[in-house]
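In case you want the letters, here they are:
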Amino acid sequence: MSEHCGERLCVEQGRPEDAQELLAVLRQVGSETDNLTFGAEGPSTTVEQEQEYLRAMAENPTSAFFVARLDGRMVGSLSFRAMTLARASHRAEIGISVLKECWGKGVGSRLMEAAIDFAKNNAGVEIISLEVRADNTRAQALYRKYGFEEIGRFPGFFKIDGKWIDFILMNLYL
């Protein structure tokens, strides 16, 4: 799998030794926005569980976990999971997170480019799917830039502080 690097920004395959830093970044992102499935507490995994997850993703030829580093510091990530059942194996799902301080600096774009490249050249999928908050217009613009189309809405996808949050479902057809 190739790395996608610029002068200061590099996107590469996540490794088990990235687990502790990744969990810290995810906790920070979770504390900065309500766009993820978790808040400031971060994902409910241990460092060891995250190491095993990163190992499994690296060993799976149709899935990948990318980390973005700006000047060597992890600032974002993207998970790419192809479906394993035969009738759904033409599809993959992605999830992306970027530190708020790096919004608008090309991190999300570089992660998306790595995912699309992986989909076309490694995973052999034909559709990439994602879900995004209906009020997250910045993320929607990023996805549309790469050709994602809205395919539906999911009312009440999240419930935060007693309030239902709607999501938009989007697909990229390769």
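Residues numbered from 1 in each chain as written. Predicted model: local features only at pLDDT ≥ 70, side-chain atom pairs only at ≥ 80, totals over all residues. Heavy atoms only, no water.

Caption draft 1: Geometry of the overall build of the chain. Check the secondary structure of the chain and you find 4 helices and 8 strands. Counting from the amino terminus, the chain carries its helices and strands in the arrangement β-β-α-α-β-β-β-α-β-α-β-β. Taken over C-alpha atoms, the radius of gyration comes to 15 Å for the chain, in line with the 16 Å a tight globule of 174 residues would show. Across its three principal directions, the C-alpha atoms of the chain cover 35 × 35 × 30 Å. Burial analysis of the chain (174 residues in total) assigns 47% to the buried set. Of all intrachain contacts in the chain linking residues separated by at least 6 positions in sequence, the fraction that spans at least 24 positions is 61%. Put simply, the chain shows about 9,100 Å² of open surface, and 48% of that area lies on carbon and sulfur atoms. (Helix = DSSP H or I, 4+ residues; strand = E, 2+ residues; numbered from the N terminus. Rg over C-alpha atoms; globule rule 2.2 N^0.38 Å. Buried < 20%, exposed > 50% of the residue type's maximum accessible area, 1.4 Å probe, protein only. Contact = heavy atoms within 4.5 Å. Areas by Shrake-Rupley, 256 points an atom, 1.4 Å probe, with all protein chains shown as cover.)

Caption draft 2: Examining the packing of helix α3 (residues 107-123) against helix α4 (residues 137-145) more closely. Interaxial distance between α3 and α4 falls to 10 Å at its minimum, and their mutual angle equals 40 degrees. Here α4 runs oblique to α3, going by the angle between their axes. The hand of the α3/α4 crossing is right-handed. Note on element contacts: α4 touches α3 through Leu 142, Tyr 143 and Lys 145, opposite Gly 108, Ser 109 and Met 112. A per-class count over the contact of α3 with α4 returns 3 nonpolar, 2 polar and 1 charged. (Axes fitted to C-alpha atoms, helices over the stretch in contact; angles between N-to-C directions. Parallel < 35°, antiparallel > 145°, perpendicular 65-115°, else oblique. Left-handed = near helix turned anticlockwise from the far one by under 90°. Nonpolar A, V, L, I, M, F, W, Y, C, P; charged D, E, K, R; others polar.)

All quantities given are derived from atomic positions and should not be read as evidence of function.
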